[in-house]
Amino acid sequence: MNLSRRMLTKEEEDAVGDEIEVRREDQDKINKFSRLHSYELSIEEQLKAKNKEKEELDDITTELELADEDDLVPYKIGDAFFHLPLPHAQELLGLSTAKIEQEIGELEDKMATIREEMTQLKVELYARFGKTINLET
């Protein structure tokens with residue numbers, strides 16, 4: 001661990017004297033920002049998983065377009081596979097795709113709301129603390 005000693009610059013010296021007291025409401029805002037950031041990361045992971053699932057469903061849909069109309073296609077429901085006629089499998093696949101798209105839309109809406117809240121908190125906290133606080137994520 002290398003701890004070098006040096007003189008403070010005039011700006012650093014001035015900044016040390018300008019410490020701002022952290023009020024209870026400030027701490028609450030900082031805590032809320034932290035919780036929102038954690039929630040944002042969680043939603044990002046969920047979005048990645050849902051987008052991957054949608055991409056896989058799109059690939060399967062493309063594959064089924066090449067199948068013969070009279071074929072029975074294995075379709076997974078829960079943990080089991082059932083052999084279904086192609087039109088029925090395509091219909092179920094369409095419903096699954098629509099459901100995933102709706103879930104992705106809901107997650108994107110939540111993400112937008114969280115980011116708006118975080119932006120508002122950043123504005124308020126930076127206005128109060130200036131450069132003495134770092135809220136970059």
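Anything mentioned here points back to the structure above.
Treat the numbers as computed from the prediction; the structure is a model and nothing was measured.

1. Some thoughts on the pairing of strand 2 (residues 80-85)
Two faces make up the sheet, and in a regular strand the side chains alternate between them.
At step 1: Strand direction decides the pairing type here: strand 1 (residues 72-77) and strand 2, joined by six bridges, are antiparallel. Note that in strand 2 the partner of L72 across the bridge is P85.
At step 2: Here strand 1 folds back onto strand 2 in antiparallel fashion, the turn holding two residues, of which G78 has a positive phi close to 70°.

2. With respect to the pattern of salt bridges
At step 1: Under the counting rule described, the total for this entry stands at 14 salt bridges.
At step 2: For E44, the salt bridge is made with R115, and the minimal N-O distance between the two is 3.0 Å. Within this pair, whereas E44 is found in helix 2 (residues 24-65), its partner R115 is found in helix 3 (residues 86-129), the two being separated by 71 residues in sequence.
At step 3: Judged by its relative accessible area of 27%, E44 falls in the partly exposed class.
At step 4: We note a salt bridge from E101 to K54, for which the minimum N-O separation is 3.5 Å. Here the residue E101 occupies a position in helix 3, and K54 occupies one in helix 2, the gap between them amounting to 47 residues.
At step 5: Given the relative accessible area of 40%, E101 is considered partly exposed.
At step 6: Through salt bridges with shared partners, one network takes in R23, E25, D26 and R128.

The rules behind each value
Residues numbered from 1 in each chain as written. Predicted model: local features only at pLDDT ≥ 70, side-chain atom pairs only at ≥ 80, totals over all residues. Heavy atoms only, no water. Pairing = 2+ DSSP bridges. Helix = DSSP H or I, 4+ residues; strand = E, 2+ residues; numbered from the N terminus. Salt bridge = Lys/Arg side-chain N within 4 Å of Asp/Glu carboxyl O. Buried < 20%, exposed > 50% of the residue type's maximum accessible area, 1.4 Å probe, protein only.

These figures capture arrangement, not role.
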